[in-house]
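Analysis of the macromolecular model
For reference, the chains in residue letters:
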Amino acid sequence: NDVCASAGMACWAFIFPADVIRSKLYAKSLTTQAPLTTSDGIELARQMVREQGFKSLYRGMAITVARAGPVAAAVLPVYDSVLAWVSS
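Now for a look at the structure at hand. (Residues numbered from 1 in each chain as written. Predicted model: local features only at pLDDT ≥ 70, side-chain atom pairs only at ≥ 80, totals over all residues. Heavy atoms only, no water.)

So, about the overall build of the protein chain. Along the protein chain, the regular secondary structure elements total 3 helices and 0 strands. Ordering the α and β elements of the protein chain from the N terminus gives α-α-α. A compact globule built from 88 residues should have a C-alpha radius of gyration of about 12 Å, whereas the protein chain, at 17 Å, is more than 25% larger. Based on the C-alpha atoms only, the size of the protein chain along its principal axes is roughly 50 × 30 × 15 Å. Burial status across the protein chain gives 23% buried among its 88 residues. Look at the contacts in the protein chain between residues 6 or more apart in sequence, and 69% of them connect residues 24 or more apart. If you sum the accessible surface of the protein chain, you get close to 6,500 Å²; carbon and sulfur atoms cover 66% of it. Between the mean site of the 8 positive side-chain charges and the mean site of the 6 negative ones, the protein chain shows a separation of 8 Å. (Helix = DSSP H or I, 4+ residues; strand = E, 2+ residues; numbered from the N terminus. Rg over C-alpha atoms; globule rule 2.2 N^0.38 Å. Buried < 20%, exposed > 50% of the residue type's maximum accessible area, 1.4 Å probe, protein only. Contact = heavy atoms within 4.5 Å. Areas by Shrake-Rupley, 256 points an atom, 1.4 Å probe, with all protein chains shown as cover. Lys, Arg positive; Asp, Glu negative; His and termini not counted. Charge placed at Lys NZ, Arg CZ, Asp CG, Glu CD.)

Another point: the environment of Arg 67. Tracing the chain through its elements places Arg 67 in helix 3 (residues 61-87). The spatial distance from the C-alpha of Arg 67 to the C-alpha of Ala 18 is 18 Å, given a sequence separation of 49 residues.

Of all hydrophobic cores here, the largest spans 8 residues; its members are Phe 16, Val 20, Ile 21, Leu 25, Leu 44, Ala 45, Met 48 and Leu 57. When contributions to this core are tallied by element, the ones reaching two or more residues are helix 1 (2-29) and helix 2 (38-52). (Core = buried A, V, L, I, M, F, W, Y, C linked by side-chain atoms within 4.5 Å.)

Glancing now at the side chain of Thr 64. For Thr 64, the location among the structural elements is in helix 3. The exposure class assigned to Thr 64 is buried, which follows from its relative accessible area of 13%.

Along the polypeptide, Pro 70 turns up in helix 3. Sequence separation between Pro 70 and Met 9 is 61 residues; the distance between their C-alpha atoms is 9.2 Å.

Moving on, we come to helix 2. Compared with the 21 Å implied by 1.5 Å per residue over 15 residues, the 21 Å span of helix 2 between its first and last C-alpha is a close match. Inspection of helix 2 places Gly 41, Leu 44, Ala 45 and Met 48 among the buried residues, and these make up the whole buried set. Projection of helix 2 onto a plane perpendicular to its axis shows the buried side chains occupying an angular sector of 100 degrees, all on one side. Residues of helix 2 that are exposed and point more than 90 degrees away from the buried face comprise Arg 46, Arg 50 and Glu 51. A positive backbone phi angle near 90 degrees is found at Gly 53, which sits one or two residues after helix 2. (Expected span 1.5 Å × (residues − 1). Arc of directions from axis to C-beta.)

What follows is the structure in structure tokens.
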């Protein structure tokens, strides 16, 4: 279970900036009619870094990573057990 927890935490640490940008683009899409593109995400990331610093891409990561460990430690073994049960 420690490996599962560590894997979940490492995964979030790696993808967190992309998730922050995705969340902000989603919120922006609720207030605009035009479809958002990949370049909108890249420009948003540049704007965040320029105006708020590199740390803005990791705001909220501590609580997400703290939550990811226990969630992964519980979910992955359950998934494996259900998969084994369904496969048998």
